[in-house]
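What follows is the residue order along each chain.
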Amino acid sequence: MSNWWKKAVVYQIYPRSFKDSNGDGYGDLNGIIEKMDYLKNLGIDVLWISPVYESPQDDNGYDISDYRKIYEKFGTNSDMENLIKEAHNRGIKIVMDLVANHTSDEHYWFEESKKSKDNPYSDYYFWLNPREDGSEPNNWGSSFCGTAWEYSKERNQYYLHYYTKKQPDLNWENPKVRKEVYDLMKFWMDKGVDGWRMDVIASISKYTDFPDYPEKLGQKYITGFMHANGPRLHEYLQEMNKKVLSKYDCMTVGEAPGSNSDIARLFVDPERKELNMIITFEHMNLDRILNSPNRKWAVKDLDFKELKSVLSNWQVKLRNHGWNALYFENHDQPRIISRWGNDTNYRKECAKAFATILHGMQGTPYIYQGEEIGMVNAHYKIEEYDDVEIHNAYRELVQKSKSISEEEFMAAVWKKSRDNARTPMQWDTSENAGFTTGRPWIKVNPRYSEINVEEALKDKNSIFYYYQKLIKLRHEEQILTDGTFKLYMEDHPSLYVYERELENEKWLVVANFSEENTILDPLQPYIYEKWDKVISNYQEIGVNMHLRPYEAFIIRRVK
Ligand code: NOJ
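Here the structure is a predicted model, which means the values were calculated and not measured. (Residues numbered from 1 in each chain as written. Predicted model: local features only at pLDDT ≥ 70, side-chain atom pairs only at ≥ 80, totals over all residues. Heavy atoms only, no water.)

## Brief notes about the overall build of the protein
Looking only at helices and strands, the protein has 16 helices and 20 strands in total. Taking 559 residues into account, the globule formula puts the C-alpha radius of gyration at 24 Å, and the protein, at 23 Å, falls close to it. Seen through its C-alpha atoms, the protein measures out along the principal axes to roughly 75 × 50 × 50 Å. Buried positions account for 62% of the 559 residues belonging to the protein. In the protein, the proportion of contacts linking residues at least 24 apart, taken out of those at least 6 apart, comes to 70%. Accessible surface for the protein amounts to roughly 21,800 Å². Of this, 47% is attributable to carbon and sulfur atoms. Charge centroids of the protein, computed over 74 positive and 88 negative side chains, lie 2 Å from each other. (Helix = DSSP H or I, 4+ residues; strand = E, 2+ residues; numbered from the N terminus. Rg over C-alpha atoms; globule rule 2.2 N^0.38 Å. Buried < 20%, exposed > 50% of the residue type's maximum accessible area, 1.4 Å probe, protein only. Contact = heavy atoms within 4.5 Å. Areas by Shrake-Rupley, 256 points an atom, 1.4 Å probe, with all protein chains shown as cover. Lys, Arg positive; Asp, Glu negative; His and termini not counted. Charge placed at Lys NZ, Arg CZ, Asp CG, Glu CD.)

## A look at the site of the ligand
Asp59, Asp199, His331, Asp332 and Arg418 are the nearest of the 13 residues found near the ligand. With respect to the ligand, the side chain of His331 contributes an N or O atom lying 2.8 Å from an oxygen atom. Contact between the ligand and Asp332: an oxygen atom at 2.4 Å from a side-chain N or O atom of the residue. About the coverage of the ligand: the protein hides 97% of its 290 Å² of free accessible area. When grouped by side-chain class, the residues that make up the shell around the ligand number four nonpolar, two polar and seven charged. Of the residues that make up the shell around the ligand, three or more belong to each of domain 1 (7-101 + 176-469) and domain 2 (102-169). (Near = heavy atom within 4 Å. Polar contact = N/O pair within 3.5 Å; in protein donor to acceptor, adjacent residues only side chain to side chain. Nonpolar A, V, L, I, M, F, W, Y, C, P; charged D, E, K, R; others polar. Domains from an automatic or database assignment.)

## Looking at the packing of helix H10 (residues 347-359) against helix H15 (residues 463-476)
For the pair H10 and H15, the least separation of the axes is 10 Å and the interaxial angle reads 10°. Considered as vectors, H10 and H15 are oriented roughly parallel to each other. When the axes of H10 and H15 are compared, the crossing they make is right-handed. Contact residues: H10 offers Arg347, Lys348, Ala351, Lys352, Ala355, Thr356 and His359, while H15 offers Ile463, Tyr466, Tyr467, Leu470 and Arg474. Classifying every residue of the contact of H10 with H15 gives six nonpolar, two polar and four charged. (Axes fitted to C-alpha atoms, helices over the stretch in contact; angles between N-to-C directions. Parallel < 35°, antiparallel > 145°, perpendicular 65-115°, else oblique. Left-handed = near helix turned anticlockwise from the far one by under 90°.)

## Looking at the sheet that holds strand S7 (residues 149-152)
Taken in spatial order, the three strands make up an open sheet running S6-S8-S7, and their pairing is antiparallel. Edge positions in the open sheet fall to strand S6 (127-128) and S7, since each of these has one partner strand only. Relative to strand S8 (residues 157-160), S6 runs antiparallel, the two being bridged by two bridges. Opposite Trp127, over in S8, you have Tyr159 as the bridge partner. (Pairing = 2+ DSSP bridges.)

## Observations concerning the environment of Val497
In this structure, Val497 sits in strand S15 (residues 495-502). For Val497, a relative accessible area of 0% translates into the label buried. Val497 sits 211 residues away from Leu286 along the chain, and the two C-alpha atoms are 19 Å apart.

## With respect to the domain arrangement of the protein
Entries for the protein in the domain assignment read domain 1 (7-101 + 176-469), domain 2 (102-169) and domain 3 (484-557). The centre of domain 2, based on its C-alpha atoms, is set 53 Å off from the matching centre of domain 3.

## Section: the nonpolar core
The nonpolar side chains of a soluble globular protein tend to be buried, and buried together. If you look at the biggest cluster of nonpolar residues, it comprises 137 residues, and the most contacted ones within it are Tyr11, Leu47 and Met185. With residues up to four places along the chain from it excluded, the contact list for Met185 reads Leu98, Trp196, Met198, Met240, Val244 and Leu245. Formed by 20 residues, the second largest nonpolar core is a distinct cluster that contains Ala412, Phe435, Trp441 and Ile442. (Core = buried A, V, L, I, M, F, W, Y, C linked by side-chain atoms within 4.5 Å.)

## Remarks on the sheet that holds strand S18 (residues 531-536)
Read across the open sheet, the five strands follow the order S14-S15-S16-S20-S18; overall the sheet is antiparallel. Every interior strand has two partners, whereas the edge strands, strand S14 (484-488) and S18, have only one. Neighbour-to-neighbour, the strand axes of this sheet turn through a mean angle of 20°, independent of strand direction. Sheet topology note: the S14/S15 ladder contains five bridges and is antiparallel. Looking across to S15, one finds that Phe485 is bridged to Arg500. Relative to S15, helix H8 (residues 304-318) is tilted by about 15°, and along the sheet it contacts S14 and S15.

## Overview of the packing of aromatic side chains
All told, the structure shown has 41 aromatic pairs when counted by the stated rule. Here Tyr108 and Tyr121 contribute two aromatic rings whose centre-to-centre distance is 5.4 Å and whose plane-to-plane angle is 75°, an arrangement assigned as edge-to-face. One end of the pair, Tyr108, is in helix H4 (residues 108-113); the other, Tyr121, is in the loop between H4 and S6, and 13 residues separate them in sequence. By relative accessible area, which is 45% here, Tyr108 ends up partly exposed. Between Phe126 and Phe210, the aromatic rings sit 5.6 Å apart at their centres with planes inclined by 75°, giving edge-to-face as the arrangement. Taken together, the positions of Phe126 in the loop between H4 and S6 and Phe210 in the loop between strand S9 (195-198) and helix H6 (233-243) put the pair 84 residues apart, joining distant regions of the chain. (Phe/Tyr/Trp six-rings, centres within 6.5 Å; stacked < 30°, edge-to-face > 60°.)

What follows is the structure, encoded as structure tokens:
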């Protein structure tokens, strides 16, 4: 099998927010096809498309009711086949989302399963008896607040759901379930799909004795270490690899909550024959106060030193033992420049600085739609948000338990909520940013007249062209794929400096994540006496390495 994905740059599309072709306010597959030349122009190699299957959309398609059918608002199966063809014609590969930890409660398997204890689908899901007092079988929590168990009268039992109660968890202990999943993967791969992004794949194996979590102050239901990395996880992935993945020249990236760089090796060490890459949360959780009942809404400032330390650790630990998936944004994360940077005075510099340090590392970089034009977070009123995660948390934490004030919660929503990434793609300055001629399913970010694709394509110094250049470098420069990684100035609070080295070539990647002019100490051995600029976000590199606000560049040593 070739490792084509090592030189690839992935672009993620969240279909309902990308481009609406028929004026119903929802993005769709034909909208993606319309924009295929835009994506080709950017230069990306792979499109990861968030779920497009039949779904009641309780969690925007991460609740699938038919894995073999396209959701009608997105189009038809033949539109999907056409999309694969249009992408392939341009040399772009397609990665679909495999949501197999859970289905929708409207999936046929679940509808059957809940009918009785002895129907053929009975053990496709996890059903447990109530405790003596009628309460949930244990204290496990849902990732979207409240309990992870829902009672069903028909069976007088509870079923497990790590996400909403409309997302029952599949029972992978059952070989029939695993076979169903492998079959649906083959169904799409035989239509030309080139790989999978695997939704919460780290959670598919459960601790089937379902022990309670140790109590945590102030928390009735707990989500923690037992929700991921269960005892049979790697056995299942090896089976999936053997039965399906090994038969195709495909790319796989598994979403792995609860991972660190040691756990990562278990997934991605090529010798283990599991996955190519995983999506970790370790760096994304650095601005979260741990063990708070307010979960991700308990926000703290990022310590830049920690970010450098986590990312470098992954670079070092996975070297020769796997491959990194490099990302700052996706449909579950806010816009990076609003989260950890400056999305007003230094919006463009800052977006390019984040891009520089991400694309300079070893691994496969992921760009989330709109990141390439520097889209920013939205500040909406609570009723203007759509995401089930926000509304559940608002009810549970603000209204019910009152563990967070309304003001604090809204500030956290503006900073961290998933809808920040899900506002419609901003194409131009026309109404609704050119996303739809109808009424968009979620409000367009009001800054669209300033931030949009049309503007980016006109400005030769735009973020878009910076990404285009970075992508080209990834394709052409072997040092970016294979070079070693070495971090400098670990303890500096805002300078991000690392070196890549391959044979007798040396590159230095530098970024100043502050609004102050900052000096890169010229006495350090890493300042090459003679160097060439590879890329930079200011016209000329600062004299004597005086870095201006959010200045970033890559330089190469002159031999
Ligand atoms: C992770 C997905 O990325 C997220 O959007 C979804 O809500 C959960 N998994 C549940 O499928």
